[in-house]
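One-letter residues, chain by chain:
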Amino acid sequence: MKTYKIALLPGDGIGEEVCMEAVKVLRCIEEKYEVEFKITGGLIGGAAWPEYGNHFPEETKILVNNSDAILFGSVGGPVDAQFEPQWKDCEKNSILAIRKFIGASINLRPAPIFKELSHFCPLRSDIIGNESFEILVIRELSGGIYFGEHSRPTADTALDTSTYDRATIQKIAQFSFQAAQNRKKTLHSIDKANVLETSRLWREVFEAESKNWPEVKFHNLYVDNAVQQLVKWPRQFDVIACPNLFGDIISDLTSVFPGSLGMLGSASFGNKIHLYEPSGGSAPDIQGLNVANPIAQIYSAALMLRHSFEMHEAANDIDSAVLKTIQLGFRTGDIYMENKGETKLSCSDMGDKICAFI
Ligand code: IPM
Ligand code: MG
């Protein structure tokens, strides 16, 4: 039987409870397919803080190194430690630290827009439309201003540097064109090439790569124009490739289209080990209440099956099961509306419902 080792890092906030639902779903997949998931839990973020005074302890690093994939929950706490210097240091912030640790360079942030939930989308109904669709944001995760020098040369000046090299851009360009080729054959690349030198290199590399993909309709967009276009006519987009900082911002914009952050999974590809996490935050206000939406975490598990374990059929099973729960009107509180004949479910009941459809 095939065996995969999964490092389960629930983190803090709602991480623990939504991860439990994703594990439930993985156990259903084990039953259906000839496969075993060896799931080992580890501490990160606010969950690691009380014991280690550190957000990404050595023990967790060892666990990660001995795993085939990481299923990550969420980190945000503890809120009262946020102002301690260790917490503010970017490199020690647990999510940035673990991305760096695994060498994460390509980040997939799919935003699935269900027609059944379009009343939760803040865009006008004639703009979001009445057909389901998905926008895939592909964010470069290892370079740009995030991992440049950050300093205060004097008390009154601040410095952040942004660097990109050709090989890093080449890697995401190839990946993005391949993704576009497999989907609707449309790719938008985002930059600020009218101002930034890193963006001019980005555009040069993407344009050269486009010659290898004659079937893909390729567009360059300045980031300021891109956000306008995304709000005015989101359906023109399918795959969007972005440098690190612009991808951070653009993916927050697209994350509102599905109507709840609880619907968005993500994948971050490292050198060897990949990390899968919901796009939403740790939502400490609803922690422990069993009301969080586990779909983002369950989608992240599906991405893990697809991209780390090549279990495409099982991943499709999960996607179909989620779709079915939505189509049949099962809702957690974040996507529930009174008087629409829907059934409101707790976090754990939503997990059970999805399992039942697998
Ligand atoms: C994200 C987050 C992180 C980022 C923060 C928490 C450092 O906003 O994953 O998008 O900026 O990458
Ligand atoms: Mg962000």
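Preceding block: the structure.
Along each chain, residues carry numbers from 1 onward, in the same order as the chain's sequence is written. Chains and ligands are labelled sequentially in the order written, the chains with letters from A and the ligands with numbers from 1. Totals for whole chains, interfaces and linings use all residues, but because this is a predicted model, local features are given only for residues with pLDDT of at least 70 and pairs of side-chain atoms are given and counted only at 80 or more. Where side-chain values are given, they derive from all heavy atoms of the structure, hydrogens and water being excluded.

Draft legend 1. Looking closely at the packing of helix α1 (residues 15-32) against helix α13 (residues 347-356). Lines fitted to the C-alpha atoms define the axes, with helices restricted to the stretch that makes contact. Angles between their N-to-C directions range from 0 to 180 degrees. Helix numbering and strand numbering both begin at the N terminus, where a helix is a DSSP run of H or I of at least 4 residues and a strand a DSSP run of E of at least 2. For the pair α1 and α13, the least separation of the axes is 9 Å and the interaxial angle reads 15 degrees. Compared by their axis directions, α1 and α13 come out roughly parallel. Handedness of the crossing formed by α1 with α13: right-handed. Facing α1, whose interface residues are Glu17, Val18, Glu21, Lys24, Val25 and Cys28, α13 presents Cys347, Ser348, Gly351, Asp352, Ile354 and Cys355. Polar here means any residue other than Ala, Val, Leu, Ile, Met, Phe, Trp, Tyr, Cys and Pro, which are nonpolar, and Asp, Glu, Lys and Arg, which are charged; Gly is therefore polar. Partitioning the contact of α1 with α13 into residue classes produces six nonpolar, two polar and four charged. Note on angle classes: values under 35 degrees are labelled roughly parallel, values over 145 roughly antiparallel, values of 65 to 115 roughly perpendicular, and the remainder oblique. It is the rotation of the near helix from the far one that decides the hand of a crossing: anticlockwise by less than a right angle makes it left-handed, clockwise makes it right-handed. Here, residues are in contact when the closest pair of their heavy atoms is within 4.5 Å.

Draft legend 2. Examining the pairing of strand β9 (residues 217-222) more closely. Here the rule is simple: two strands pair whenever DSSP picks up at least two bridges between them. Bridge count for strand β8 (residues 186-191) against β9 is six bridges, and the pairing is parallel. In the sheet register, Thr186 faces β9, and the bridge partner there is Lys217. Crossover β8 to β9 through helix α8 (residues 197-210) is right-handed. A crossover gets the label right-handed when its path from the first strand over the helix to the second runs clockwise, viewed with the strands pointing away from the viewer.

Draft legend 3. Structural detail: helix α11 (residues 295-307). For a helix, the expected span equals 1.5 Å multiplied by the residue count minus one. The end-to-end C-alpha distance of α11, which contains 13 residues, comes to 18 Å, matching closely the 18 Å that a straight helix rising 1.5 Å per residue would cover. Type-normalised accessible area, obtained with a 1.4 Å probe on protein chains alone, sets the label of each residue: buried when under 20%, exposed when over 50%, and partly exposed for intermediate values. Counting buried residues in α11 gives 12 out of 13 residues, a clear majority hidden from the surface. Restricting attention to buried positions, one finds in α11 the residues Ile295, Ala296, Gln297, Ile298, Tyr299, Ser300, Ala301, Ala302, Leu303, Met304, Leu305 and Arg306.

Draft legend 4. Broad picture of α13. When we look at burial in α13, the residues that qualify are Cys347, Ser348, Met350, Gly351, Ile354 and Cys355. In a view along the axis of α13, the buried residues occupy a sector of 160 degrees, so they form one face of it. Packed against the buried residues of α13 are α1, α11, α12 (312-327) and β13 (330-331). To be clear, the arc concerns the directions from the helix axis to the C-beta atoms.

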